[in-house]
Amino acid sequence: MGSNQNLSDNLNENIIIVAIRLPVGFERNVENELVKIETVDGLVCCMKQLIVEKNGYWIGRTEDLDCNESGSLEHEVNPDEYNRQIHWSSIPPARLVSVTIDKSVYDVFYNLCCKGSFWPLLHSMPDRASFNREHWKVYCSVNEAFANKTVEVLERLAGDEDTRPICIWIHDYHMLMVSSFIRAAANEKNFNIKIGFFLHSTFPPWDVFKILPWADEVLQSLLESDLIAFNIQAYCLNFVDCCQRCLGCRVDRDKLLVENGSRSVCVRAMPIGIPFKEVEELLKTLPPNGSNEIKEIVCVDRLDFIKGILHRLYSYETFLQKYPEFHGKVFLLQITIPCRSDLDVFKSLKVEIDQQVGRINGLFATTKWTPIQYIYGVVDQIVLFKNLRDASVAMITPLRDGMNMSAKLFVACQMNSPPGVLLLSKFAGTADTMEEALQCNPYEKEGVADSLYRALTMPNDEREARMIALRKREMQNDSVSWSRSFLDAIGSTVKREGSPLYNLDMRPLEINDFNDYLPKYIFKSEKLALITEYDGTLVPSNPSPPHSSGIPASTYEILQRLVERPNMNICVISGRTAQNLKDIIGIEKLIYAGNHGLEILYPDGSRFSYPMPDEFKDTCSVLLQSLQELTCRESAWVENQGAIVTLHLTPIPKPLRPDLIRKARGLIEKVGFHARICDEVIEATPPVAWNASQAVICIMRTVFGIDWSERVGMILVGDSLSDEEAFEKLRGVAATFSVVSSVRSKTSAERRLYSIESVHTLLDWIDNYLMRKQNGSGYNGFF
């Protein structure tokens, strides 16, 4: 009861499930009548009770099904037929919201991107994956369609008086980009929501995941969730590692937290369960098993290369060769459920399985005994459960699997005495908790054959002991427990007054947090150079026209202190003019780079200016006037920064910005300038072969000589699109930090900082490092 109370305290009773399919399938026959589709879907089994209890919505796709204007099925599905299909629940059809996707689009989305790209990569089989940018665009468009339908449901619920957040629970690799679309809409419309994401498949290590060309975008989207859950701890750690190494996020591996701006995203291991009690109740209605002289080895898989069906057949062949005394005494029942994808790789796999089954039967079969019985197709649930109940061994040996529901169903079905034995691949997610199973390496044929022999000859008391422990765990951690624990976890991320959740928040950034990154760039260097952006990095971006009144005292003090350190050089770079920047800061020993490096002022008074044709200066004046005329009726304002004209968008409401940006871009490009569009500004830059990265290299060569990279450690900090050019060119040469508001801001920098305060902490680290170096105490990894 405590679990339910916690949930009701934190979350609205309305739960929205977003998954690729609805929990009911229908299609039209030749008479255009709506008829039931037989489907097998583990998620439906796990979520059915939750969606009824919480009176929630389920958003998904149905094939060839017309819906009413809202997308619900209430006027389309005959209630009697509906209830026969969903016999276990009473979900009103109005609570099922269908997303309409054109079949040709869906084929690209599902077959070519989901199954062709994500599925093999997530299962650490990148050699089977293919990547196509157009397929990825289709994937994103389908995810956006699901998000839009979710927003429609949120808008229906927005009028409710309940102010608690509504939980949106997104499922699996088909929906990796949905979180980002929903979060963007929620921020714009002020929806009070909590987003949870559960990945049912495996999640690979960083060195595999980075193969995905859109790895950053996927991670960024997932981090718009409040809770991200996986089946086992190893997948959680892989994900956290990817966030740090791909995105440069600060993470807490002990608490499994990832920093995303002002939010701490929780990552949790929550192994999925099955409806254990329902399986038991169904089995009680079946007739008891008769005495079987031949022992059954049951295998249940969907047709898929990750399931290791071919490897299993080869291992079984090895068993028959090695243990001939079992000829005529055992048979292997391989139940293969058709794959939902029609990719050639799955068709070829079926052909090869058929051939190997025939070959092995041809080698060993007799007139009275067939060693392999093979069923390809959807098996009735009663038949499936009966075979799982009566089997002496369940041989569940995937090459890689996020969890594996067949193993759990076998355990639930083992009500006989003596029970069967579970032979389980150590690469299935279930292996993490099913320690009592006989675990094997499916790649080693002889090892699997020996484990199968041990399972078949295992004493009854050992069988009983192992199965009792397995059943107890699966009974406790069933599908209801899993769904409620997930909602309890996402509910605990709701911060309530008077009850700070210290265990769910990243601690504030500290000096020591830079110890694992910065030393590799600067520890062995004779000198140190800091190149930092000004607005948005050292000080907050100014949303109004700059009337410079200096910088905060704390910023001034630390810059002054740093620049006085031996062998330390600092350059402040900005879109402002160099002289304006110097007037604001007022520290003589700094290097000032204005107009994103088109002009540079050195401490000795020397100056660099990129040669600008006179016509560009005239163009700036014309462009300034035309942009002022464009925005004269708006609250936006235009700033002439010398060689650059900047249109500030901050005062403009977000819904009005796209049209203004389009018109401003047209004016800028019409005069031959480049339009650089950032979060809050549009910069019109002259078409010259010079950018911030070239300016930084110019400064380093001028100050330190052409061999600067061998002697000087560089730290580069910025926040704008212009800084990205430098991040990209100098990544690996310099320690790079991007100051961003959230992970949605794509960056080439190796590390992210989410506030001006974080930049000051970085400056404190540099100051401490230089002080220790000056005092001769060196660097020992701690401050």
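Just above sits the structure.
Residues numbered from 1 in each chain as written. Predicted model: local features only at pLDDT ≥ 70, side-chain atom pairs only at ≥ 80, totals over all residues. Heavy atoms only, no water.

**Student:** Explain the sheet that holds strand β23 (residues 637–640) here, please?
**Tutor:** Consider a sheet: its strands pair through backbone hydrogen bonds, and that pairing is either parallel or antiparallel. In spatial order, the strands read β23-β24-β26-β25; together these 4 strands make up an open sheet with antiparallel pairing. Every interior strand has two partners, whereas the edge strands, β23 and β25 (674–677), have only one. Here the average twist between neighbouring strands, direction ignored, is 20°. Both β25 and strand β26 (residues 681–685) contribute to a ladder of 4 bridges, which runs antiparallel. Each residue of the ladder has a partner; that of I677, found in β26, is I682. Across the face of the sheet, helix α21 (residues 614–631) comes into contact with β23, β24 (645–648) and β26 while running at roughly 170° to β23. (Pairing = 2+ DSSP bridges. Helix = DSSP H or I, 4+ residues; strand = E, 2+ residues; numbered from the N terminus. Axes fitted to C-alpha atoms, helices over the stretch in contact; angles between N-to-C directions. Contact = heavy atoms within 4.5 Å.)

**Student:** I tried to follow the pattern of salt bridges on my own but got confused; where do I start?
**Tutor:** Think of it this way: side chains of opposite charge can pair up when their charged atoms draw near. Evaluated as defined, the whole model comprises 44 salt bridges. We note a salt bridge from D535 to R576, for which the minimum N-O separation is 2.7 Å. Here D535 is found in the loop between β18 (527–533) and α19 (553–563), whereas its partner R576 is found in the loop between β19 (568–573) and α20 (578–585), with 41 residues between them in sequence. No difference in accessibility class separates D535 from R576, as the two residues are buried. Residue R665 is joined to E669 by a salt bridge in which the shortest nitrogen-to-oxygen separation is 3.7 Å. Highlighted residues: R665 and E669, both in helix α22 (residues 657–670), separated by 4 residues, approximately one helical turn. Assessed through its relative accessible area of 43%, E669 is described here as partly exposed. Each of R183, K194, E224, D226 and R263 takes part in salt bridges that share partners, so that together they form one network. (Salt bridge = Lys/Arg side-chain N within 4 Å of Asp/Glu carboxyl O. Buried < 20%, exposed > 50% of the residue type's maximum accessible area, 1.4 Å probe, protein only.)

**Student:** It is not clear to me how the packing of aromatic side chains should be interpreted in this structure. Could you clarify?
**Tutor:** Two measures describe an aromatic ring pair: the distance that separates the ring centres and the angle between the ring planes. Going through the model one piece at a time under the given rule, you end up with 29 aromatic pairs. Taking 6.0 Å as the distance between ring centres and 65° as the angle between the ring planes, the aromatic pair formed by F427 and Y443 counts as edge-to-face. Here F427, found in the loop between β16 (421–425) and β17 (438–440), pairs with Y443, found in the loop between β17 and α15 (445–456); they are 16 residues apart in sequence, far enough to count as distant. You can call Y443 partly exposed: its relative accessible area is 46%. When the centroid spacing of 5.5 Å and the interplanar angle of 70° are considered together, the rings of Y517 and Y521 count as edge-to-face. Across the pair, exposure class does not vary: Y517 and Y521 are buried alike. Grouped by ring-pair contacts, the aromatic residues Y106, F109, Y110, F118, F131, W136, Y139 and W214 constitute a single cluster. The ring of Y106 carries R61 above its face, with NZ or CZ at 3.7 Å from the centroid. (Phe/Tyr/Trp six-rings, centres within 6.5 Å; stacked < 30°, edge-to-face > 60°. Lys NZ or Arg CZ within 6 Å of the ring centre and 35° of its normal.)

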